[in-house]
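Geometric and topological summary
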Amino acid sequence: MSKISMRAGLFIGCSIIVATPSFAQTAGQPEAEAESTEAIVVVGSRIEGSKIAETLPVSVLSEDRIAATGSVSGDDLFRSIPQAGDVQFQEARTTGNLNDARGDNASINLRSVGTGNTLVLVNGRRMILTPGTQTENFVPVQTANTNSLPVGATRRIEVLRDGAAAVYGADAVAGVVNVVTDDRYEGLRFDTRYGSADGTNEKTGAIKAGFKTKSGGRFTFFGSLTKRTPLFASERPFSASENHMPKLVGTPWETDTGFDNRSTSSPWGAFTVTAVPSPTIRQGTSTTALTTSGVFHIEPIANTAAGCSSAVFNGNLCLRSGGITGATSRVLRYDENPDRTIRGGLDRINLFSTFRQDIGSVELFGELGYYNAKLEGQREQSAPISSAVITIPTTNYYNPFGPTTFNGVTNPNRLAGLVGVPTTGLALRITNYRPVDTGPRTFVVTDDSIRSLIGVRGEWGNFKWDSAASYSWARTDDHTKNAVSNTLFQAALARSTPDAYNPFNGGNQLNYSLGDGTPNSAATIQSFLVDVHRISTTSLGTWDFRISNSDIFSLPAGGVGFASGLEARRETYSDNRDNRLDGTTTYTDSVSGIRYGTDIMGASPSPDVKARRTVVSAYAELAVPLISDDMEIPLIQSIDLQVAARDEHYSDFGNVFKTKVAGAWTVIDGIKLRSAWSQNFRAPNLAQFYSAGTQVANTRTDFAACRLNPLTTCSGISTLEVRSGNQNLTPENGETLSAGLIVQPFRNLTFTADYWSLRSKGVIGLQGAQNQILFDLLERQNGRSNPNVVRLAPVGTQVIGTIDYVQDDYFNLGLRELEGLDFGVNYDVRNTLIGSFNIDINASKLLTYEQSASELQAKLIAANAAGTLGTGVTITQAGSQIQVNGNPEWRLSGNLTWKSGPVSAGLLVNYVGAVFDTGTIKVADQFFKLPSVTTVNTYVQYRAGDDQGAFSGTRFRVGARNLFDKQPPLASTNYGFLGSLHDAVGRFVYFELSKEF
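In this report, we go over the structure that sits alongside the text.

1. Details of the overall build of the chain
Scanning the chain for helices and strands turns up twelve helices and 52 strands. Along the longest, intermediate and shortest principal axes, the C-alpha atoms of the chain span 105 × 75 × 55 Å. By the burial criterion, 58% of the 997 residues in the chain qualify as buried. Sequence-distant contacts in the chain: of pairs separated by 6 or more residues, those separated by 24 or more amount to 74%.

Structure below.
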């Protein structure tokens, strides 16, 4: 029996379930009372009117709480939830370029379990996943896009902080978020809003309408348009430069180059002679070699503290042996941030409508939604990568090692007096170079999605039934402008005339890290620039039939509730890469003849993906009262149980069966103990299951070669890693346990304390190319080899050949364990002399976050500890993730709402705890610490009454997000802050005017 199962038995035996802290009200509290004419089915149970549903671990964000965030963005809204983890789908991420889910995308990640482990519902039914994917832990993940949610049409948001696979199926691992839209509004309202922060502004216009028909039908409509200007990295002091080292002077980290993210790929190019063996090249009678292992670079004469290896050329440049390394050459690195936006300019449209109409004894209902967003951002030009090498032919007009003559005319750019260079010249491979004179790349990402649903519900005897069919479709077009074609770029390099592209002319003499002071001609540059598209789509078709009965039969303690249903869904995913990316249009190096699968500079080849699956499921749920107050048992006012089970069949990997047991024990009025144990799972997404091999080149050390081949040093080499989907993947299976206490000394005051734990097996990930290579060494020491390390045939004295590529398929890794505590206080005071107040405080503490090593990693760790792998080997171990990067130990949210007549105000305080930045060096065995951050949002509102004549129905609100302009703490990232946790916008002041008719 697993550790968590033993705990489950203990806690269920005591009948304790996680308590229900709320943001604005707990299920069954003030808002529910205000809406007593309409039954509310809170997320977590399918049984309408069930007593157990009122006691599930559900937090509810009311309209007042949503207003306190001061945002029209789902991202800002969900970041304010204490149980929300880091946000990986966000614009401050710079790692993936076209391979990231760029655009108006934001993810939800409860408990920091990982993107894709939180199920998002709209009005109780599954929301479509955004078409864009990006890698987390080296595997592609998908998410529901929270920015596509119609915030202005949302009545409340329910957050179930517990596993719910037995009720809702896949992906409800960390919890479930249910967005409930307003289908009861009557009237017509227009809203306008203007907000700004330093360097950016935002405008929104919205309309909301609702009416009843004479036949009892109800229709609502919401529409909004948001326009936002871009925010450039140069607008913020912490992100104006990629070099953050000056900010650390006087600290133990002042020499940590991890804070300098400037790129060695700069206009000060580094090049390698392709001739093998590399000749010793000198100039004239000099004994100083012009190259080191065939490598040289260009730098300004003013920076040559160690002297030029060559004579001065072009007046103020010199050729220096070796690459751009060391302290002297650090200033030659390129600062990319001046070319970047932190947030792109945005146009967003959100439309959402609902209807319901009685037809005889049944009610017809439906939804129709449309979302469109166009985001335009900017980032630096790409640089060549080792998986698509670009060689400069000898014919290049500006090649300093070029031929002595061009068409019988003396070559004006060949260095004088070269020794070791033939008269025909030498071809050069680009080691590091960035064609910044092309200007930055701009990307325009257009997102479209629709959601349609039609259903019917009614009653049959004591049963309530409900059936609906829905279809959702989403499309993303990620369009990059000013991309460089490798083929066309090499063609421009091959010209023997002055219109050839010149990579040897250096950068900016006034500021070495910025721009290019000697750009090539516009015509030359334009000859190799192309547009690139990545078009991705997803679709989700669903059908369901549900029945429920709050009293299907009676026990001595009361009626037993029952719910059951059948569900079917069809999911599709398509990732259509540009022909220059997917292998259709390839690049062949004209010098070496090697063919590469990508023709876009800086991009790895990525094949198209097209996949689909169908899922059919059935579930059943019981709400069982065991003891009631009428039984008059001391210290047991009531005990209620929830039992649920669900079976899902996937067309690609088979069946998954999950169960849940929950209990609620009311000791006396005002004291409740509650617990739940559930099984959960996350299904492999379609990209993980069906993706073909994506090639990624990184520097790795081939320890097998350097240990076994004679006279081979252990140094880093560029290694091609092929990451592929795996149709043998199984779901990530887990168990969730929760337990807690609710104390309610008064009806308007509630205290909660909750414990939760999550244990997942088979987390999907990669072994990693370096681990695969180390395992190849371990296997070869025992007379075997790792088949995932594909090698060329041995050459000469080699015992084993050079690595061709490393095959690294996605697979099910080891165990992941999380534990934490939630605390909540809610105090609601109505109708005092100075108005009504609601105080709501919620906090979350992470106790355990452990990622175990895979079986292969465990073998390597043991072998390394025994010295079997030799010296100089470091194996990354996951271990505890608490306070690591995006996982603070503490998060807190406090909300105060005050109302008095026509005036109301709100105050929202968000606290995000300290974390350690693992991208830095350790000092005293500790990484650099990012301190905690507390931000304050506030607003004041005046609403004119019905007796105010022309002003009746008018509302004016002024507010601010991040009122005190708190800057994010310094981190060793490109932008200088951790975008998954912190925000770069700063103080954002907004004004809203609303008129209701």
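That covers the picture; the talk isn't over yet.
2. Considering the nonpolar core
Counting 41 residues, the largest nonpolar core has F401 and F489 as its most contacted members. Every element with two or more residues in this core is listed here: β13 (270-273), β15 (295-300), β16 (317-321), β24 (428-432) and α7 (486-493). The dominant element in this core, judged by the number of residues it contributes, is α7, at three residues. Apart from residues lying up to four places away in sequence, F401 is in contact with V273, I281, L290, T291, F296, L319, L415, L418, V421, G425, L426 and L428. Counting residues in hydrophobic clusters, the runner-up holds 28 residues, among them M127, A144, V179 and L758.

3. Here's the deal with the pattern of salt bridges
Taken as a whole and judged by the stated rule, the model has 61 salt bridges. Of the charged contacts in the structure, one is a salt bridge between D76 and R961, with a shortest N-O distance of 3.5 Å. With D76 in helix α4 (residues 74-79) and R961 in strand β51 (residues 954-961), this residue pair connects regions lying 885 residues apart in the sequence. Ionic pairing is found between R546 and D544, a salt bridge with its closest N-O pair at 3.8 Å. We note that R546, like D544, is buried.

4. Here we look at the sheet that holds strand β36 (residues 716-724)
Strands sit in the order β35-β36-β41-β40 across an open sheet of four strands; the sheet is mixed. Edge positions in the open sheet fall to β35 (694-701) and β40 (789-791), since each of these has one partner strand only. Between one strand axis and the next, the sheet turns through 30° on average, direction left out of account. When β35 meets β36, the two strands line up antiparallel, connected through eight bridges.

5. Examining a nonpolar patch on the surface
On the surface, Y194, V940, F956, V958, F991 and L993 cluster together to form a nonpolar patch covering roughly 500 Å² of accessible area. Counting residues per element, the ones that place at least two in the nonpolar patch are β51 and β52 (988-996). Mapped onto the secondary structure, Y194 falls in strand β9 (residues 187-197). On the basis of relative accessible area, Y194 is assigned to the partly exposed category, the value being 37%.

6. Structural notes on helix α12 (residues 855-865)
In an α-helix, one full turn covers 3.6 residues, which means residues spaced three or four apart are oriented alike. Regarding α12, the residues found buried are L856, Q857, L860 and A863. Seen end-on, α12 carries its buried residues on one side only, within an arc spanning 125°. Structural note: α12 exposes E855 and A865 on the side pointing more than 90 degrees away from its buried face.

7. Some points on the packing of helix α11 (residues 769-780) against α12
Between α11 and α12, the least distance of the axes is 10 Å, while the angle of their chain directions is 60°. Here α11 lies oblique to α12, going by the angle between them. The hand of the α11/α12 crossing is left-handed. Across the interface between the two elements, N771, Q772, L774, F775 and L778 from α11 touch L856, Q857, K859, L860 and A863 from α12. Residue composition of the contact of α11 with α12, by class: six nonpolar, three polar and one charged.

8. Some remarks on unusual backbone geometry
Residues V276 and P277 are joined by a peptide bond in cis, for which omega reads -5°. Checked against the element boundaries, P277 lands in the loop between β13 and β14 (282-283). Despite not being glycine, N407 has its phi angle at roughly 55°, a positive value. By the element assignment, N407 lies in the loop between β21 (405-406) and β22 (409-410). The phi torsion at E632 lies on the positive side, around 55°, for a residue other than glycine. Relative to the elements of secondary structure, E632 occurs in the loop between β31 (609-627) and β32 (638-650).

9. Focus: the environment of G85
Turning to its location among the elements, G85 is positioned in the loop between α4 and β3 (118-122). A residue is classified by how much of its surface remains accessible, and G85, at 7% relative accessible area, is buried. The sequence separation of G85 and V113 amounts to 28 residues, and the corresponding C-alpha distance is 7.6 Å. Beyond its immediate stretch of four places on either side in the chain, G85 contacts N109, L110, R111, S112 and R891.

10. Regarding the pairing of β32
Here twelve bridges tie β31 to β32, and the two strands are oriented antiparallel to one another. Of the residues in β32, the one forming a bridge with V624 is L641. Note that β32 and strand β33 (residues 654-668) share 13 bridges and pair antiparallel. Across the sheet, residue Y650 finds its bridge partner in β33, namely G654. Here β32 hands over to β33 after three residues, the two strands then running antiparallel side by side.

11. Considering the packing of aromatic side chains
Counted under the stated rule, the structure contains 26 aromatic pairs. A cation over an aromatic ring shows up here: R193 above the ring of Y990, its NZ or CZ 4.3 Å from the ring centre. The ring of F689 carries the charged tip of R613 above its face, separated from the ring centre by 6.0 Å.

12. A closer look at the pairing of strand β43 (residues 816-832)
Where strand β38 (residues 749-761) meets β43, twelve bridges bridge the pair, whose relative direction is antiparallel. Each bridged residue has a counterpart across the sheet, and for D754 the counterpart in β43 is D822. Direction of pairing for β43 relative to strand β44 (residues 835-851): antiparallel, over a ladder of 15 bridges. Bridging from a neighbouring strand, Y827 pairs with I839 of β44.

13. Examining the sheet that holds β16
One open sheet holds the five strands; their spatial order is β16-β15-β13-β24-β20, and the pairing between them is antiparallel. A strand with exactly one partner marks an edge of an open sheet, and here the two such strands are β16 and β20 (391-392). Examined bridge by bridge, β20 and β24 share two bridges and lie antiparallel to one another. What sits directly across from T391, in β24, is R429.

14. Here we look at the side chain of D917
The topology assignment puts D917 in strand β48 (residues 915-917). It turns out D917 is buried and unbridged, and the closest side chain with the opposite charge, K247, is 12 Å from it. Within the structure, D917 has its side chain in polar contact with the backbone nitrogen of G919 (distance 2.9 Å). When near neighbours in sequence (up to four residues on either side) are disregarded, D917 contacts N885, F927, F928, L930, A971 and S972.

Thresholds applied
Every residue gets a number counted from 1 within its own chain, in the order that chain's sequence is written. Two thresholds apply to this predicted model, a pLDDT of at least 70 for residue-level local features and 80 or more for giving and counting side-chain atom pairs, whereas whole-chain, interface and lining totals are computed over all residues. The side-chain numbers reported here are obtained from all heavy atoms of the structure, hydrogens and water having been left aside. A helix here means a DSSP run of H or I that spans at least four residues, while a strand means a run of E at least two residues long, and both kinds are numbered starting from the N terminus. Working definition: with a 1.4 Å probe on protein chains only, accessible area under 20% of the residue-type maximum means buried, over 50% means exposed, and in between means partly exposed. By definition, residues are in contact when any of their heavy atoms lie within 4.5 Å. Only buried residues count toward a nonpolar core, which is a set of Ala, Val, Leu, Ile, Met, Phe, Trp, Tyr and Cys residues joined through side-chain atoms within 4.5 Å. Salt bridge, as used here: a side-chain nitrogen of Lys or Arg that lies within 4 Å of a carboxyl oxygen of Asp or Glu. Each pair of strands is called paired provided DSSP finds at least two bridges between the two strands. A fitted line through C-alpha atoms represents every axis, and for helices the fit uses only the stretch in contact; the resulting angles, taken between N-to-C directions, go from 0 to 180 degrees. Each patch groups residues whose relative accessible area exceeds 30% and which form no salt bridge, using 9 Å between like charges and 5 Å between nonpolar side chains of Val, Leu, Ile, Met, Phe, Trp and Tyr. Using a 1.4 Å probe, accessible areas were evaluated by the Shrake-Rupley method; residue-level cover was limited to the displayed protein chains. By arc we mean the arc of the directions from the helix axis to the C-beta atoms, nothing more. Each angle is binned into one of four classes, with values under 35 degrees roughly parallel, values over 145 roughly antiparallel, values of 65 to 115 roughly perpendicular, and all other values oblique. The handedness criterion is simple: a crossing whose near helix is rotated anticlockwise from the far helix by less than a right angle is left-handed, and one whose near helix is rotated clockwise is right-handed. Classification used: nonpolar for Ala, Val, Leu, Ile, Met, Phe, Trp, Tyr, Cys and Pro, charged for Asp, Glu, Lys and Arg, polar for all others including Gly. Only centres within 6.5 Å qualify two rings of Phe, Tyr or Trp (six-membered ring in Trp) as a pair; their planes then separate them into stacked at under 30 degrees, edge-to-face at over 60, and tilted for everything else. Note on geometry: a ring has a charge over it if NZ (lysine) or CZ (arginine) is within 6 Å of the ring centre and within 35 degrees of the ring normal. When charges are counted, Lys and Arg contribute as positive and Asp and Glu as negative, whereas His and the chain ends are disregarded. Counting of polar contacts relies on pairs of N or O atoms within 3.5 Å, with two restrictions inside protein: one atom must be capable of donating a hydrogen and the other of accepting it, and residues adjacent in sequence are counted only when both atoms are side-chain atoms.

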